[in-house]
Amino acid sequence: MLNAMRKNAGSWIIKILLGIIVVAFIFMGAGSFSARRASTVATVNGEPITVSQYQQAYNTVLHNLRSKFGNRLNDDMIKMLNVKKQAIDGLIDTTLLRQTAEKNGLIVPDAELVESITRIPAFQKNGVFDEQRYKFVLGQNRLKPEAFENMQKEAILMDRLRSVVTKNAKVSELEIREWYNWENTSVSIDYVAFKPETFKDVKITDQILEEYYNNNKENYKTPPQIQTRYVRFDPKAFQADIVITDEEIQQYYTEQPDEFQLPETVSARHILFKVAKDANDKTVEAARLKAKDVMEKAKSGEDFAELAKTYSEGPSKDKGGLLGTFKKGEMVKPFSDAAFLMAVGDISTPVRTQFGWHIIKVEAHNQASTMTLEEATDQIRKKLTDREAKNKAYDAAASLYDTTFDGEDFVKNAKDSDLELVTTDFFTLKKGPKGIENAAAFAGTAFKLPMLELSDISEIGKAYYLIQIINKEPEKIPELDTIKEAITKDAKQAQQKIAAKDAAKKFLEKVKNAGSIAAAAEGDTSIKIQSTGQMNRNMPIPGIGNDQKLLTAAFKLTKNNKFSKNVVEADTGLYVVSLKEKKLPLAQGLNIAKSNIHDRILAQKQSELYSSWISDLHDNSEIKISEEFINN
């Protein structure tokens, strides 16, 4: 019952598997913890999708997004990306795919399955499949070979279906050329910016304030709040009772040899003489001679660190040129190649890189080696202890979870088990409760719960939680007097934008009548004409920055339509724009880019074909999503 959820408990082994295997089956879920969790959120041609399957699919999508966006993933992004829809759509799609494969008699021969598994590096030793390692890796995750093989078989089937559906995608020469031209055309524009914040003379009357409040009061709703109680299961609390044997340490050391390989490293200092990438030969040679002079000072015995502080133009100057310890490939290639060929104490001749000329001094050179079992023992013991403690914390959470069937049981069972039951203050989805190490994740889990229903076991931060909502406060619109300061500020900004837009419209009409921006601005000292210079679609606008709306408007301009039809309402302000020049890319560049463009268009077409096919599957299937799930 607990094994499938334990797969996602964060162990190093499953991370290896998830990083290597193309898991088209990730949305299939893990089954329910108990019968009371087996209610369905949807059915696909009569086949149920359970709440537990959905919860795991949701967590998987969230995990993937966190891997992609890191700390940038906040509640607003989660809402914008509609994780709930991604999870249920993925479950439905995967169910449809499996049903289609079965309907069409698609099978995976045992020989193909065996070959796919034996190619997975996580199951290999010295590049060769090792059955003992295979069973060890799966066993550490409470996963039986039969279950894993079924999962792998489904992954192969999904991949095969996709290949069949997309095999007829083709890319023409015309499509490649059009893509190349579109992507590499450049434009330059003249523009006049009308910044709302510069229109400072707008007046805000009580009538304007009240009208703005009435038209926008939905935007000032206070968010819903909830109050919860929870039990936290911290793996650290279980560490004291864990004993890791010498045999377990030996087995881990034997099964994970790559973990104990220490790469070759160098510790060095350097003195940098900067040279621009596009510098002419005379400038490059002058910098080299300057570097050579300082090199000779260093080789004659002068202190290298002091020379670096005096002459270096790099960021490590104040540290005497100290770079610390680095592996091959962590520095630019010419620098790395030179450093790793040097002996300790050597000072290099000037080395040229993209940054300029370097003088290098090697202070330590450590050859690649393997940690001995003795050296690795403490590291392994800690890792195995942490992993076992995590499992014990999860088991404790599962024990309370499986004996709790309603709100009162949660309180009683926690007390009977001598567990601390914490009650939070009211909190919002955006802020989360105080005192939780990852309050946003806690709030995200809690807000999905119905009143008094116990959450599934949730890994939040470094601990597991069981959570229950005990009180709710709905969203509400505050009275104008209570938010008058914010309303006044926002109403003023709105009036400033109106004033800026009116001024821009009037100027645009003058431009159209005069035939050019310059003619329209003549004699008007309040108008400042600016130019971007040549730019392409993928670069920030010179003098403005990243503004996709303005960039899109610029590329719509042509020789016959030099002016924007309307004022451009962009992210950085309001603009009147005029085309100066539009350049097609050089034809010879197409040959260089052709292969890459072909592959990108092909991938896009295959994706569109596959999405269309999936859409047809949906249209020809009976898919029912429960009203309770939709409204939750």
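Along each chain, residue indices are assigned from 1 in the same order as the chain's sequence is written. The model is predicted, so local features are restricted to residues of pLDDT at least 70 and side-chain atom pairs to those at 80 or more, both for listing and for counting; the totals for chains, interfaces and linings are taken over all residues. Working from all heavy atoms in the structure, the side-chain values ignore hydrogens and water.

### Notes on the sheet that holds strand S9 (residues 322-327)
The 4 strands are arranged S9-S8-S11-S10 in an open sheet whose pairing can be described as antiparallel. Two strands lie at the open edges of the sheet, namely S9 and strand S10 (351-353), each paired on one side alone. Each strand axis lies, on average, 45 degrees off the axis of its neighbour in the sheet, ignoring direction. Between any two strands, at least two bridges found by DSSP are needed for them to pair. Elements are defined by DSSP. Helices are runs of H or I of four residues or more, strands are runs of E of two residues or more, and each kind is numbered from the N terminus. Here strand S8 (residues 265-274) pairs with strand S11 (residues 356-366) via 10 bridges, running antiparallel. The residue bridging lysine 274 from the neighbouring strand is glycine 356, located in S11. Against the sheet, helix H12 (residues 281-299) makes contact with S8, S10 and S11, and its axis sits at roughly 40 degrees relative to S11, the strand it touches most. Convention adopted: a line fitted to C-alpha atoms gives each axis, helices being fitted over their contacting stretch, and angles between N-to-C directions are expressed from 0 to 180 degrees. Contacts are residue-level and defined by heavy atoms, with any inter-residue pair within 4.5 Å sufficient.

### A word on helix H6 (residues 110-118)
For the exposure calls, accessible area comes from a 1.4 Å probe over protein chains only, and a residue counts as buried if that area is under 20% of its type's maximum, exposed if over 50%, partly exposed in between. If you check which residues of H6 are buried, you get Leu113, Ser116 and Ile117. Looking straight down H6, one finds its buried side chains confined to an arc of 95 degrees; they lie on one side. Looking at the buried residues of H6, the elements they touch are strand S4 (128-129), helix H7 (131-139) and helix H8 (145-166). It is the directions from the helix axis to the C-beta atoms whose arc is reported.

### Focus on the side chain of serine 267
Counting through the fold element by element, serine 267 comes out in strand S8. Sequence-distant contacts of serine 267, that is, excluding residues within four places in its chain, are made with Gly324, Thr325, Lys361, Val362, Glu363 and Ala364.

### Quick look at the environment of glutamine 152
Turning to its location among the elements, glutamine 152 is positioned in helix H8. Of the residues examined, glutamine 152 reaches a relative accessible area of 7% and is grouped as buried. In this structure the C-alpha to C-alpha distance between glutamine 152 and valine 332, which are 180 residues apart in sequence, comes to 40 Å.

### With respect to the environment of methionine 77
Summarising the element assignment, methionine 77 is placed in helix H4 (residues 75-80). Using a relative accessible area of 17% as the deciding quantity, one classes methionine 77 as buried. Excluding anything up to four places from it in sequence, methionine 77 contacts Phe69 and Arg72.

### Re the nonpolar core
Proteins that are soluble and globular tend to have nonpolar side chains buried together. Within the largest apolar cluster, 43 residues are counted, with the highest numbers of intra-cluster contacts made by Tyr54, Ile88, Phe123 and Phe148. Of all the secondary structure elements, the ones that give two or more residues to this core are strand S1 (40-44), helix H3 (51-69), H4, helix H5 (83-103), H6, H7, H8 and helix H21 (589-619). When residues in this core are grouped by element, the largest group, 8 residues, is from H5. To define a nonpolar core, start from buried Ala, Val, Leu, Ile, Met, Phe, Trp, Tyr and Cys residues and group those joined through side-chain atoms within 4.5 Å. By size, the runner-up hydrophobic cluster in this structure holds 16 residues, among which are Ile189, Leu557, Val577 and Leu579.

### Overview of the packing of helix H9 (residues 173-184) against H21
Packed helix pairs are specified by the crossing angle of their axes together with the interaxial distance, meaning the distance between the axes. The geometry of H9 relative to H21 is characterised by a closest axis approach of 9 Å and an angle of 105 degrees between their N-to-C directions. Considering their axes alone, H9 and H21 lie roughly perpendicular with respect to each other. For the pair H9 and H21, contact is made by Glu173, Glu175, Ile176, Arg177, Trp179, Tyr180 and Glu183 and by Gly589, Leu590, Ala593, Lys594, Ile597, His598, Arg600, Ile601, Gln604 and Lys605, respectively. Residues belonging to the contact of H9 with H21 are distributed by class as follows: 7 nonpolar, 3 polar and 7 charged. Relative orientations are named as follows: roughly parallel for angles under 35 degrees, roughly antiparallel for angles over 145 degrees, roughly perpendicular for angles from 65 to 115 degrees, and oblique for any other angle. Residues were grouped as follows: Ala, Val, Leu, Ile, Met, Phe, Trp, Tyr, Cys and Pro as nonpolar; Asp, Glu, Lys and Arg as charged; and all remaining residues, including Gly, as polar.

### Comments concerning the confidence of the model for the protein chain
The pLDDT averaged across the protein chain works out to 88; a share of 93% of its residues lies at or above 70. Contacts for the low-pLDDT stretch residues 1-38, under 50 throughout, to residues beyond four places or in other chains number 98 contacts. Confidence of the predictor in every single residue is expressed as pLDDT, which spans 0 to 100.

### Concerning helix H10 (residues 206-216)
What H10 keeps buried is the set Leu209, Tyr212, Tyr213 and Asn216. The buried residues of H10 occupy an angular sector of 100 degrees when projected down its axis, which confines them to one face. Across from the buried face of H10, at angles greater than 90 degrees, the exposed residues are Gln207 and Asn215. On the buried face of H10, the contacting elements are helix H18 (484-514).

### As for the pattern of salt bridges
For salt bridges, the criterion is a side-chain nitrogen of Lys or Arg within 4 Å of an Asp or Glu carboxyl oxygen. Applying the stated criterion across every chain yields a total of 32 salt bridges. For glutamate 173, the salt bridge is made with lysine 594, and the minimal N-O distance between the two is 2.9 Å. Of this pair, glutamate 173 sits in helix H9 while lysine 594 sits in helix H21, placing them 421 residues apart in sequence. A single salt-bridge network, built from bridges that share partners, covers Glu47, Arg98, Glu102 and Glu154.

### Focus: the sheet that holds strand S2 (residues 47-50)
The antiparallel open sheet is built from 3 strands, whose spatial order is S2-S1-S20. At either end of the open sheet lies a strand with only one pairing partner, and these are S2 and strand S20 (623-625). This sheet shows a mean twist of 20 degrees between the axes of neighbouring strands, independent of strand direction. Of the pairings in the sheet, the one linking S1 to S2 comprises 4 bridges and is antiparallel in character. What sits directly across from threonine 43, in S2, is proline 48.

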